[in-house]
Amino acid sequence: MAIRVRCVAVLPGLWHNSLWARGQLACAQKGGTSTKPMCAKSHNRFLVCLVLVAALLATLLAGCASRPTGQLRYGLTLAPSGIDPHVNASSELGIPLTSVYDTLIYLDPETGEFVPGLAERWEISGDGLAYTFYLKEGVKFHDGTAFDAEAVRFNLDRITSEALASQKARFMLGPYDRTEVVDDGTVRILLKQPYAPLMDSLSQVYLGMASPAAVQKWGADYQLHQVGTGPFVMAEYLPGDHLLLRPNPDYDWGPSVYRQRRARLAEIEFRFFTDAATRSPALESGEADVMGEIPPQDARRLESSTDLKVQVVPIPGVSLMFFLNMTRPPLDDLRVRQALLYGTDRKAIISTVFQDLSPLAYGPLAANTLGYDPAVQGYYPYDPEKAADLLAEAGWADSDGDGTLDKGGQRLVLDAVLMGWGSMPEASQLMASQWQALGVQVESRVVSYSEALQIAGEGMYHLIPFNLSGSDPDILRKFFHSTASFNWSRTNDAEMDGWLDEASRLTDRAQRVTLYGRVQHRVMEQALILPIRDYVNLNGVSSRVQDLRYDGQGWFPWLIDVGLAPAGK
Amino acid sequence: MAARYFFRRALGAIFVLWLAATLAFVALKLTPGDPAQALLAASGATPAEIAERRAHLGLDDPLLLQYGRYLAELVRLDLGESWLHGRPVGRMIVEQLPSTLALALAATAVAVLLGLLLGLPAALRRGTWLDTLATSCAVIGLSTPTYWSGLLAILVFSLYLRWFPSAGQGSPAHLVLPAAVLGFAMSGAIARVVRAQVAEVLSANYVIAAHAKGLTPRRVLFVHILRNAMGPALAVTALQFGFMLSGAVVTESVFARRGLGKLVVQAIIWRDLPVVRGVMLVAAIAFVLTSLVSDLARGWLDPRLREEQQ
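Residues numbered from 1 in each chain as written. Chains lettered and ligands numbered in written order. Predicted model: local features only at pLDDT ≥ 70, side-chain atom pairs only at ≥ 80, totals over all residues.

## Details of the overall build of chain B
Put simply, the test is: Working definition: helices are DSSP H or I runs of at least four residues, strands are E runs of at least two. Numbering for both runs from the N terminus. With C-beta atoms placed from the backbone, a residue counts as buried when 20 or more other C-beta atoms lie within 10 Å of its own, as exposed when 12 or fewer do, and as partly exposed for counts between those limits.
Within chain B one finds 14 helices and 0 strands. In chain B, the order of α-helices and β-strands from amino to carboxyl end is α-α-α-α-α-α-α-α-α-α-α-α-α-α. Sorting the 310 residues of chain B into buried and exposed places 41% on the buried side.

What follows is the structure, encoded as structure tokens:
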């Protein structure tokens, strides 16, 4: 506090003196004979002044070393579709808001363990139905109101209320029942069934703690005036234009995953760059210091620049993979599915389409996801001869010599449904050209996300690629459970359903990992998917930016730690 | 007399509005994809929860009922809440409108200036190299997609020369490149109309008479030629201005500007019907208003048209 007061006192003085010094400089430069005596006389004063300025500057630098300085300009890639984390689902919203809200707990990406956030400790009941959190004391929202057990209940009630029509947060709570306030500093979350991913959910910004007073005050416009307890305050937001964060001067309850106790930056400005082609130019022209989702080709170019670097952040979750619709002939034949896997040179796709910046995917889970089983790396090495053998074994041959395999008058043509993002069309194109050598044709169509969902629901496709991020392996249940909304392989495997259900209920991590291991092997043995790459977020970063690190989701930066070196080095 | 004219115009405007609203509704219903599923599928909602949301949004009701409700809300000017953002559509539009308006006005200014600069010399020196040059420029303007010319402008003026920022908004400097790119694209059509009209008027008897009377060429140009030739150019400009008010989506994306265009494209992708309806309403009103203003202005410029208006 004392430091800050001194800085404020010094600043006007410095300002005044520097103006004055500039006046003297102008005088010295003019140098006309008539003004000479006056300038000479003031020359001493100028020197004194210079010394004074230097002294003041030194004091300022010494005294203000811990004071937040610099403005970071951070480019977001989508105009977020609404940015209330309790309501909306975009992963972009978490980039600024992870620093506005605190969560009850945090996931330490280095250990994979949960560490205290707003809750300093917690207990999980033996039946996995009651989670009791003991809250930190003295925590205040940006509007000055106190954070307590009642606030936690308010937030969870808000998220689960029908009126809010939550698009994501509600479903992250799984079989949530209700929240009980035990006392001011203790809160208990009750579930209808055990739900292992709850801890992971509670560590994410979607379940961040908002000020009840602010939520009630702003109503439908709350998302423009969000108030949390985090290291940064949402100072200004104009949708589609910019969002400003400024440091929260009272913040001293940060989790152990943060290296700094206070924000280093004085301001962070977020802007929206929807067109992929404009992202790297904005970095190169210095209009943004950080920009996510740089296209791989641009990333290679940026790497050669001295002012910029590319920070590759692996994203946990479900890798980019093609789902093979096992109910639609000819993919109902396991040998045909396996042939497609053996017949794909995935390394070539990684180097051509993804510029070798993405890790090769071997199974459904990205390698940095909890429960990933490295043994999947043994499945389906590139082996075009084996692929050809398998296809022949399944009865496919090029009987009419047109270059495409056929069987019973039916040509081997596969229908691929592609969405236009994430390099899916490019990857698919290369894959199709590799399969051509095997005599397999691909007909692809590019559709919107909503349309793809509809086509997938009707089952009228052979292949659809998709990927989804998430740090808990329960994400597999969204894709391989027979009732899942993304069961795009259209698998119906009671045993696998059982593993997935059981793993979602167990609180013992080791047991869960074993079950998810089984699921991964089953998926690969059955060749339900053709994995391509683990998702990475390619962040273009100015070399002035210091200590930029991302959370366990890979998307959300811990902005409290970030500093900015002065311009011009 | 004027009252009857306005009544007729208002009636026309309402018809245009209804037609636009209906087309938007039908188009969104015909495109495959279910909004509730698109919103929730990736969040881990169960099929039952998705069905619940669909019912909540009224998407299970018979189409005619949905259409009726949609029109009824429109008549009450109740724009509703965005399904995607969960915020009042009216407020979302108000937030984006200033940026769209600024770009539309600036781009129109550029377009009119360029259109005149290209169209007039071409008409006055028909068949010369000047005509060829100006006409080629107009054709390039007409046929260059803004996503290409926009990126080129960023490359040259932001990255290489560093004259203007490549993205965002806030200062007049931010407006220069997008307005120039969009204005250039629009100027082609204006230049061609100006050239055609001026060329036609040049050979009119009253222009020959004016010259014969010994009026200065400048006076002939401004009073006799331009005034008579401007009507159709004004109509084209108004049409394009109205079009831009519904959002110049490509230009907005390339220069990372906010605006109605980006809002409506996102709404279409997510089948967010209330937002599509809201922006469409604004666009229709903008068209009706600009064409009214341009007709009145043409009447003022050209007394012959005034007769028709009464």
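## Digging into the overall build of chain A
Quick note on the threshold: Two residues qualify as a contact pair if the distance between their C-beta atoms, derived from the backbone, is within 7 Å.
Within chain A, the regular secondary structure consists of 17 helices and 22 strands. Looking at chain A as a whole, 46% of its 569 residues are labelled buried. In chain A, the share of contacts with a sequence separation of at least 24, taken over all contacts with a separation of at least 6, comes to 70%.

## Observations regarding helix H10 (residues 217-245) of chain B
Inclusion rule: Two axes define the bend at a residue: one fitted to the seven residues ending there, one fitted to the seven starting there, and the bend is the angle between them.
Of all the bends in H10(B), the greatest, near 45°, is centred on Leu226(B). Along its buried surface, H10(B) packs onto helix H5 (89-124), helix H8 (172-202), helix H9 (205-212) and helix H13 (273-301) of chain B.

## Things to note about unusual backbone geometry
All names here are of chain A. Cis rather than trans, the peptide bond between Pro329 and Pro330 has omega equal to 5°. Structurally, Pro330 is set in the loop between strand S13 (317-324) and helix H10 (334-342). The phi dihedral of Gln355 is positive, around 55°, even though this residue is not glycine. Topologically, Gln355 is positioned in the loop between helix H11 (346-352) and helix H12 (384-393).

## Structural notes on the pairing of strand S9 (residues 242-247) of chain A
Residue and element names in this part refer to chain A. We count it as follows: A pair of strands is labelled paired if DSSP reports no fewer than 2 bridges between them.
On S9, burial follows the alternation: Leu243, Leu245 and Pro247 on one face are buried, whereas His242, Leu244 and Arg246 on the facing-out side are not. Of the pairings in the sheet, the one linking strand S8 (residues 232-238) to S9 comprises 6 bridges and is antiparallel in character. Residue pairing across strands places Tyr237 opposite Leu243, the latter belonging to S9. Between S8 and S9, which follow one another and run antiparallel, lie 3 residues, and Gly240 among them has a positive phi close to 80°.

## Regarding the packing of H10(A) against H12(A)
Residues and elements named next belong to chain A. This is how it is decided: Axis lines are fitted to C-alpha atoms, over the contacting stretch for helices. Their N-to-C directions set the angle, which ranges from 0 to 180 degrees. An angle below 35 degrees is read as roughly parallel, one above 145 as roughly antiparallel, one from 65 to 115 as roughly perpendicular, and any other as oblique. Crossing handedness follows the turn of the near helix against the far one: under a right angle anticlockwise gives a left-handed crossing, and clockwise gives a right-handed one. Just so you know the grouping, Ala, Val, Leu, Ile, Met, Phe, Trp, Tyr, Cys and Pro go in nonpolar, Asp, Glu, Lys and Arg go in charged, and all remaining residues, Gly too, go in polar.
Between H10 and H12, whose axes approach to 8 Å, the crossing angle comes to 165°. In this view, H10 runs roughly antiparallel relative to H12, as classed from their interaxial angle. Remark: the crossing between H10 and H12 carries left-handed chirality. In this structure, H10 contributes Arg335, Val336, Gln338, Ala339 and Tyr342 to the contact, and H12 contributes Lys386, Ala387, Leu390, Leu391 and Glu393. Its residues assigned to classes, the contact of H10 with H12 comprises 6 nonpolar, 1 polar and 3 charged.

## Let's talk about the sheet that holds strand S5 (residues 130-135) of chain A
Residues and elements named next belong to chain A. Spatially, S4-S5-S7-S6 is the arrangement adopted by the 4 strands of the open sheet, whose pairing is antiparallel. This sheet does not close on itself; its edge strands, each paired only once, are strand S4 (119-124) and strand S6 (176-183). Put simply, the sheet's adjacent strands are angled 20° from each other on average, direction ignored. Direction of pairing for S4 relative to S5: antiparallel, over a ladder of 5 bridges. Of the residues in S5, the one forming a bridge with Trp122 is Phe133. Lying over the sheet, helix H4 (residues 149-160) contacts S5, S6 and strand S7 (186-191), oriented at roughly 165° with respect to S6.

## As for the packing of helix H6 (residues 129-143) of chain B against H8(B)
All names here are of chain B. H8 packs onto H6 with a crossing angle of 130° between their chain directions and a minimal axis gap of 7 Å. With respect to their mutual orientation, H6 and H8 come out oblique. Crossing of H6 against H8: the hand is left-handed. Taking contact as the criterion, the partners of Ala134, Ala138, Val139, Gly141 and Leu142 in H6 are, on H8, Phe184, Ala185, Ser187, Gly188, Ala189, Ala191 and Arg192. Across the contact of H6 with H8, the residue classes break down as 8 nonpolar, 3 polar and 1 charged.

## Quick look at the nonpolar core
Inclusion rule: For the purposes of this analysis, a nonpolar core is taken to be any set of buried Ala, Val, Leu, Ile, Met, Phe, Trp, Tyr and Cys residues that are connected through C-beta atoms within 7 Å.
Among the nonpolar cores identified, the biggest contains 226 residues, and Phe323(A), Leu324(A), Ile464(A), Val519(A), Ala107(B) and Val279(B) are the most heavily contacted of them. Of the residues forming this core, the biggest block, 14 residues, is contributed by H8(B).

## A short note on the interface of chain B and chain A
Each partner contributes to the interface: chain B provides 42 residues, whereas chain A provides 40 residues. Counting residues per element, the ones that place at least two in the side of chain B that touches chain A are helix H2 (35-40), helix H3 (47-56), H5, helix H7 (146-160), helix H11 (249-254) and helix H12 (260-269) of chain B.

## Remarks on the environment of Asp302(B)
All names here are of chain B. Residue position: Asp302 is located in the loop between H13 and helix H14 (303-309). Overall, Asp302 belongs to the partly exposed group, with 17 C-beta atoms counted inside 10 Å. Taking C-alpha positions, Asp302 is 6.6 Å from Asn228, a pair spaced 74 residues apart along the chain. Contacts of Asp302, omitting those with residues within four sequence positions, involve Asn228 and Gly231.

## Comments concerning the sheet that holds strand S20 (residues 536-542) of chain A
Residues and elements named next belong to chain A. Strand order in the open sheet formed by 7 strands is S8-S9-S10-S1-S11-S20-S12, with mixed pairing between adjacent strands. Strands with a single pairing partner mark the edges of an open sheet, and in this sheet they are S8 and strand S12 (308-314). In this sheet, strand S10 (residues 267-272) lies alongside strand S1 (residues 71-76) in parallel orientation, the contact comprising 6 bridges. Bridging from a neighbouring strand, Tyr74 pairs with Phe270 of S10.

## Digging into H12(B)
Side chains three or four residues apart in an α-helix point the same way, a direct result of the helix having 3.6 residues per turn. Residues and elements named next belong to chain B. H12 sits mainly inside the fold: 7 of its 10 residues count as buried. All of the buried residues along H12 are Leu260, Gly261, Lys262, Leu263, Val264, Gln266 and Ala267. In this structure, the buried residues of H12 make contact with H5, H11 and H13. Two residues or fewer past H12, Arg271 is found with a positive phi of approximately 55°.

## Here's the deal with the confidence of the model for chain B
Residues and elements named next belong to chain B. The line we're drawing: The predictor attaches a confidence to each residue, called pLDDT, with possible values from 0 through 100.
Looking at chain B as a whole, its pLDDT mean stands at 83, while 96% of the residues score no less than 70. The secondary structure element of chain B with the lowest average pLDDT is H14, at 63, and the one with the highest is helix H4 (residues 63-75), at 89. On the interface metric, ipTM, the complex scores 0.70, and its pTM is 0.79.

## Quick look at the environment of Arg125(B)
Residues and elements named next belong to chain B. Along the polypeptide, Arg125 turns up in the loop between H5 and H6. The partly exposed category is assigned to Arg125, around which 14 C-beta atoms lie within 10 Å. Each C-alpha atom, one on Arg125 and one on Ala199, is 9.5 Å from the other, the two residues being 74 residues apart in sequence. Every residue in contact with Arg125, bar those within four places of it in the chain, is listed here: Leu130 and Asp131.

## Remarks on the pairing of strand S3 (residues 113-116) of chain A
Residue and element names in this part refer to chain A. Pairing analysis gives 4 bridges linking strand S2 (residues 105-108) to S3, with the strands arranged antiparallel. Along S3, the bridge assignment pairs Ile105 with Pro116. Connecting the antiparallel pair S2 and S3 is a turn made up of 4 residues, with Gly112 showing a positive phi of about 75°.

## Brief notes about the confidence of the model for chain A
Residues and elements named next belong to chain A. Averaged over all residues, the pLDDT of chain A is 88; the fraction at 70 or higher stands at 88%. Every residue in residues 1-41 scores below 50 in pLDDT, and together they form 32 contacts with partners more than four places removed in sequence or on other chains. With pLDDT under 50 throughout, residues 61-65 is counted as low confidence; its partners more than four residues away or in other chains account for 4 contacts.

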